[in-house]
Each structure stands twice: as C-alpha cells, then as structure tokens.
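Observations on chain architecture
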Amino acid sequence: MGGLDNRGIAYYGLLMNVRFTVSARRHDVSLRDAAAALAGAVVTVTALDGEDDKWLALGFDTAGRLLELVGYDLDGGAVLVVHAMKCRASYYRLITGGDSK
C-alpha cells in the first residue's frame, strides 16, 4: 500500500486519527484539504467493492472543491486514506441523486 504519513490531523477542533498512503497524495491534494473533505463528508459509501472496512467519501476541501476519498477503517478508530482527488463526474449522482451526465 505504499508508505504512510502517520500524522493525526486536527481540523476545526475535530481530532481525527487519519493516516495517508503515499498514493493518496498522487493527485496533488494536500493533507489539510483531504482532512477537511473527510471531516465534512456529505456522502459516505461503506462496504465499497464488497470490503466491509473500505469506504468512499465525498466532501469539500478548504477551497470548496468537491473531493473523492477512498480509505479503510483501522483498529482503534483510525482511518487510512489511500486515494484523494477532485471528484469525478461519475460520483456526482451520489450527491444529486440523478444522472452524472
């Protein structure tokens, strides 16, 4: 899964034990922006790809961009984010309830 950045991130007074793989930074999303999107996620899909501990979250970063994050729940309430990028059109339907076209 690549290297880990094992920082707990405090964001807007909410302490989150969030870890990021190196691959989560591939799309130039900062840790701060990913944490903001995760903390304020507007949509969360659990059991992604049939894996009970894998999830997708959609949330807004500090600049108001909609991000998609994929991660795993870890022991002790921590989460591991393995993917973070600007939300692709195919996921907009999760927010709007309509077609992504």
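Below you will find a few notes about this structure. Only a predicted model underlies this, so the values are computations on that prediction, with no experimental measurement involved.

A few points about the nonpolar core
Core analysis: the biggest nonpolar cluster contains 15 residues, and V18, F20, A34, L38, W55, L69 and V81 have the highest contact counts within it. At the level of secondary structure, the elements contributing two or more residues to this core comprise β4 (18–21), α1 (31–39), β6 (54–60), β7 (66–73) and β8 (79–86). Every residue in contact with V81, bar those within four places of it in the chain, is listed here: V18, R19, F20, T21, A24, L38, W55, L69, V70 and G71.

Considerations on the environment of T21
Along the polypeptide, T21 turns up in strand β4. By relative accessible area, which is 2% here, T21 ends up buried. For T21 and V82, which are 61 residues apart along the polypeptide, the C-alpha to C-alpha distance reads 5.3 Å.

Focus on unusual backbone geometry
At D28, a position not held by glycine, the phi torsion is positive, near 60 degrees. The residue D28 is located in the loop between β4 and α1 in this model. The backbone phi angle of A47 is positive, close to 55 degrees, even though this residue is not glycine. Its location among the elements puts A47 in the loop between β5 (43–46) and β6.

A short note on a nonpolar patch on the surface
On the surface, a cluster of nonpolar side chains totalling about 250 Å² of accessible area is made up of V42, F60 and I95. Its location among the elements puts V42 in the loop between α1 and β5. Overall, V42 belongs to the partly exposed group, its relative accessible area being 47%.

Some points on the pattern of salt bridges
Within the structure shown, the criterion is met by four salt bridges. Between D33 and R65 there is a salt bridge; the shortest N-O distance is 3.5 Å. With D33 in helix α1 and R65 in the loop between β6 and β7, this pair connects stretches of sequence that are 32 residues apart. Residue D33 is classed as buried on the basis of its relative accessible area of 12%.

Some details on the side chain of K54
Assignment of secondary structure puts K54 in strand β6. Among the residues examined, K54 registers a relative accessible area of 14% and is labelled buried. Leave out the neighbours within four places in its chain, and K54 touches V45, T46, A47, L48, D49, V70, G71 and Y72.

Cut-offs applied
- For every chain, the first residue of the written sequence is number 1, and numbering continues from 1 along that sequence.
- In view of the model being predicted, local features appear only for residues whose pLDDT reaches at least 70, and side-chain atom pairs are presented and counted only at 80 or more, with totals across whole chains, interfaces and linings using the full set of residues.
- Computation of side-chain values covers all heavy atoms of the structure but excludes hydrogens and water.
- As used in this record, nonpolar core signifies buried Ala, Val, Leu, Ile, Met, Phe, Trp, Tyr and Cys residues forming a set joined through side-chain atoms within 4.5 Å.
- The buried label goes to any residue with under 20% of its type's maximum accessible area, the exposed label to any with over 50%, and the partly exposed label to all in between, with areas taken from a 1.4 Å probe on protein chains only.
- By definition, any uninterrupted DSSP run of H or I lasting at least four residues is a helix, any uninterrupted run of E lasting at least two residues is a strand, and each is numbered from the N terminus.
- Residues are treated as being in contact if the distance between any of their heavy atoms lies within 4.5 Å.
- The residues that make up patches have over 30% relative accessible area and no salt bridge, and they are joined within 9 Å when like-charged or within 5 Å when they are Val, Leu, Ile, Met, Phe, Trp or Tyr.
- Note on areas: Shrake-Rupley, 1.4 Å probe, and residue coverage restricted to the protein chains presented here.
- The term salt bridge refers to a pairing of a side-chain nitrogen on Lys or Arg with a carboxyl oxygen on Asp or Glu at a separation within 4 Å.

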